[in-house]
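A structural walkthrough
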Amino acid sequence: MKLSLIPGILSILAAVAGISVIAQAMVSPKSYIAKSTSLPNEVPKNLIAASSIEQSVHSQINQYRQSQNLPPLAFDQTITEQARVHSAAMANSGRISHNGFDGRVAIIGKTIAYSSVAENVASNKGYENPDNTAVQGWIKSPSHQRNMVGNFNLTGVGVVERGGSYYFTQIFVLKR
C-alpha cells in the first residue's frame, strides 16, 4: 500500500485482487481551494463510455449499502458527467489518479450544494465482468469501502473503456 499526501488530501493506492484502485479521502467545501475548473467537459470520441457498466456499478454499490443497512445512493447525471470526464482522462494517460479532484468538486458544487465529497477510482483489464471486479476490489480495500458506506446520498459513476482496459470513477456526495 502506498500513501501520499496531495495538497491536503490523503490518497491511498492499493493493489487489490490484481486491479489498481485509489480512494480519495472525503473533503468538505472549506477544506480545499479549486485550482482550476478548465477541465474537459466531454468524453473524447476515441474512448467508449460504458453506460451499462456504470449502471451496474451503481446497482452493486447500492446492494452493498443495503447489506450494511444503509440507504441507497441516488444516481446524479451532473456527478456522472464529471466522473466520466475523469475516467476519460485516466484512459488517455493510462494511469489511475485523483488529478483534478478539486476541479471536479468545484464543477459539481455549481449545481449541487454539498457538505462532503469523496471519490474512488480503479482500472482493470482482462476480466469478464470488469464492473464486478472493480466493486469487489473497492469492498476489499478499507479506504474504498469507507467511501462506499459513508454518509452520502448522491453518486455518479463514470466508466470509460480504451483498448480493453476499463477506467472507473465513482464520486460520492452528501447533498445539503
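Let us look at the structure shown here. Counting starts from 1 at the beginning of each chain's written sequence and moves along it residue by residue. In keeping with the predicted nature of the model, local features appear solely for residues at pLDDT of at least 70, side-chain atom pairs appear and are counted solely at 80 or more, and the whole-chain, interface and lining totals rest on all residues. Working from all heavy atoms in the structure, the side-chain values ignore hydrogens and water.

Overview of the packing of aromatic side chains
Heads up, the rule is: Centres within 6.5 Å make a pair out of two Phe, Tyr or Trp rings, where for Trp the six-membered ring is used; the pair is then stacked when the planes are under 30 degrees apart, edge-to-face when over 60, and tilted otherwise. Each helix is a run of H or I in the DSSP string that is no shorter than four residues. Each strand is a run of E no shorter than two, and both are numbered from the N terminus. Partly exposed describes any residue whose relative accessible area lies between the buried limit of under 20% and the exposed limit of over 50%, with all areas from a 1.4 Å probe on protein chains only and scaled to the type maximum.
Inspection of every chain in the model, using the stated rule, returns 1 aromatic pair. Ring centres 5.7 Å apart and planes at 35° place the aromatic pair Phe 152 and Phe 172 in the tilted group. Of the two residues, Phe 152 is situated in the loop between helix H5 (142-148) and strand E7 (154-162) and Phe 172 in strand E8 (residues 165-175); the sequence distance between them amounts to 20 residues. You can call Phe 172 buried: its relative accessible area is 0%.

What about the pattern of salt bridges?
For clarity, the threshold we go by: Just to be clear on terms, a salt bridge is a Lys or Arg side-chain nitrogen sitting within 4 Å of an Asp or Glu carboxyl oxygen.
Tallying each qualifying case throughout the model produces 2 salt bridges. The shortest N-O distance in the salt bridge between Arg 84 and Glu 54 comes to 2.6 Å. Of this pair, Arg 84 sits in helix H2 (residues 77-93) while Glu 54 is found in helix H1 (residues 51-67), placing the two residues 30 residues apart along the sequence. Glu 54 shares its class with Arg 84; the two are buried. Note that Arg 104 and Glu 119 form a salt bridge whose closest N and O atoms lie 2.9 Å from each other. One end of the pair, Arg 104, is in helix H3 (residues 101-109); the other, Glu 119, is in strand E6 (residues 114-125), with 15 residues separating them in the sequence. Across this residue pair, the class does not change: Arg 104 and Glu 119 are buried.

Things to note about H1
Helical geometry note: an α-helix holds 3.6 residues per turn, so side chains three or four residues apart project in the same direction. Short version of the rule: Take the residue count of a helix, subtract one, and multiply by 1.5 Å to get its expected span. Residue contacts follow a heavy-atom distance rule, with two residues in contact if any of their heavy atoms lie within 4.5 Å.
An ideal rise of 1.5 Å per residue puts 24 Å on 17 residues; H1 measures up with 24 Å between its terminal C-alpha atoms. When H1 is considered as a whole, its buried residues turn out to be Ile 53, Glu 54, Val 57, His 58, Gln 60, Ile 61, Asn 62, Tyr 64 and Arg 65. Contact partners of the buried residues in H1: strand E5 (74-75), H2, helix H4 (130-140), H5, E7 and E8. Of the residues trailing H1, Asn 69 is marked for its positive phi of about 60°.

Regarding H3
Across the 9 residues of H3, 7 count as buried, placing the element largely inside the fold. For H3, the full list of buried residues reads Phe 101, Asp 102, Gly 103, Arg 104, Val 105, Ala 106 and Ile 108.

What about the packing of H2 against H3?
We apply this condition: Where helices are involved, their axes are fitted lines through C-alpha atoms of the stretch in contact, as for all axes, and angles between N-to-C directions lie from 0 to 180°. Here roughly perpendicular refers to angles of 65 to 115 degrees, roughly parallel to angles under 35, roughly antiparallel to angles over 145, and oblique to all remaining angles. Crossings are sorted by hand: turned counterclockwise from the far helix by less than a right angle, the near helix makes the crossing left-handed, and turned clockwise it makes it right-handed.
Orientation of H2 relative to H3, taken along the N-to-C sense of each, is 160°, at an axis distance of 10 Å. Taken together, the axes of H2 and H3 lie roughly antiparallel to each other. As H2 runs across H3, the sense of the crossing is right-handed. Facing H2, whose interface residues are Ile 79, Gln 82 and His 86, H3 presents Arg 104, Ile 107 and Ile 108.

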